[in-house]
Amino acid sequence: MARSATGDPVATTRPAPGPVNYATSRKVIVELAPAGTEPDPPESNSAYQAIVNAFNQHPDQVFRVRELHELLDMPTDDPAMNVTRSRLGRLTRQGFLTQPGRGRYQKRTY
């Protein structure tokens, strides 16, 4: 706490932050980015899209995670497959996939 010239405590307040100016922020980022380069799309979105496309191309097929990784030429190490298991679980909870057996995933058909 701040003190006055006499030593008494003085309440200090900070002004509330103003509105964020996104246009200025974007301009600064664009100026700092190397010319002629576009930002890469987020990896997770492209991975999700690849998974969804695989199930759309094979709607009646039941996949295990390893089979899906082999089909999509993705790494088959345990950490990578655990990430895919998480993604498949999320797609299952969202109603896009069903789980006909433990560790098996299939596109939901209506």
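Residues numbered from 1 in each chain as written. Predicted model: local features only at pLDDT ≥ 70, side-chain atom pairs only at ≥ 80, totals over all residues. Heavy atoms only, no water.

Draft legend 1. Structural context of unusual backbone geometry. A positive phi is found at aspartate 73, a non-glycine position, where the angle reads about 55°. The residue aspartate 73 is located in the loop between α3 (65–71) and α4 (78–93) in this model. Since its relative accessible area comes to 70%, aspartate 73 is described here as exposed. (Helix = DSSP H or I, 4+ residues; strand = E, 2+ residues; numbered from the N terminus. Buried < 20%, exposed > 50% of the residue type's maximum accessible area, 1.4 Å probe, protein only.)

Draft legend 2. Up close: the packing of aromatic side chains. Taken as a whole and assessed by the stated rule, the structure comprises 1 aromatic pair. Aromatic side chains phenylalanine 55 and phenylalanine 63 sit 5.2 Å apart centroid to centroid with 85° between the ring planes, which places their arrangement in the edge-to-face category. A single burial state applies to phenylalanine 55 and to phenylalanine 63, both of which are buried. Directly above the ring of tyrosine 48 sits arginine 87, whose terminal nitrogen or CZ lies 5.5 Å from the centroid. (Phe/Tyr/Trp six-rings, centres within 6.5 Å; stacked < 30°, edge-to-face > 60°. Lys NZ or Arg CZ within 6 Å of the ring centre and 35° of its normal.)

Draft legend 3. Representation of α4 within the structure. Helix length check: α4 (16 residues) gives 22 Å between terminal C-alpha atoms against 22 Å at 1.5 Å per residue, within 8%. For α4, the full list of buried residues reads Ala80, Met81, Thr84, Arg87, Leu88, Gly89, Leu91 and Thr92. (Expected span 1.5 Å × (residues − 1).)

Draft legend 4. Representation of the confidence of the model for the protein chain in the model. When pLDDT is averaged along the protein chain, the result is 81, and 66% of the positions lie at 70 or above. Per-element mean pLDDT across the protein chain ranges from 66 in helix α1 (residues 22–32) up to 95 in strand β4 (residues 104–107). (pLDDT = per-residue confidence, 0-100.)

Draft legend 5. Inspection of the pairing of strand β3 (residues 97–101) at higher detail. Two elements, β3 and β4, share 3 bridges in a ladder whose sense is antiparallel. Bridging across to β4, leucine 97 finds its partner in lysine 107. Connecting β3 to the antiparallel partner β4 that follows it, the hairpin turn spans 2 residues, and glycine 103 within it adopts a positive phi of roughly 75°. (Pairing = 2+ DSSP bridges.)

Draft legend 6. Structural context of the nonpolar core. Ile51, Phe55, Leu68, Leu88, Leu91, Leu97 and Tyr105 are the most contacted members of the largest nonpolar core, which has 13 residues in total. Contributions of two or more residues to this core are made by α2 (43–57), α3 and α4. If sequence neighbours within four positions are ignored, leucine 68 has contacts with Ile51, Ala54, Phe55, Phe63, Thr84 and Leu88. (Core = buried A, V, L, I, M, F, W, Y, C linked by side-chain atoms within 4.5 Å. Contact = heavy atoms within 4.5 Å.)

Draft legend 7. How the structure looks around the environment of glutamine 99. Along the chain, glutamine 99 falls in strand β3. On the accessibility criterion, glutamine 99 (42% relative accessible area) is partly exposed. When sequence neighbours within four positions are dropped, the list of residues in contact with glutamine 99 reads Arg104 and Tyr105. Here the side chain of glutamine 99 touches tyrosine 105 through a polar contact of 3.4 Å, side chain to side chain. (Polar contact = N/O pair within 3.5 Å; in protein donor to acceptor, adjacent residues only side chain to side chain.)

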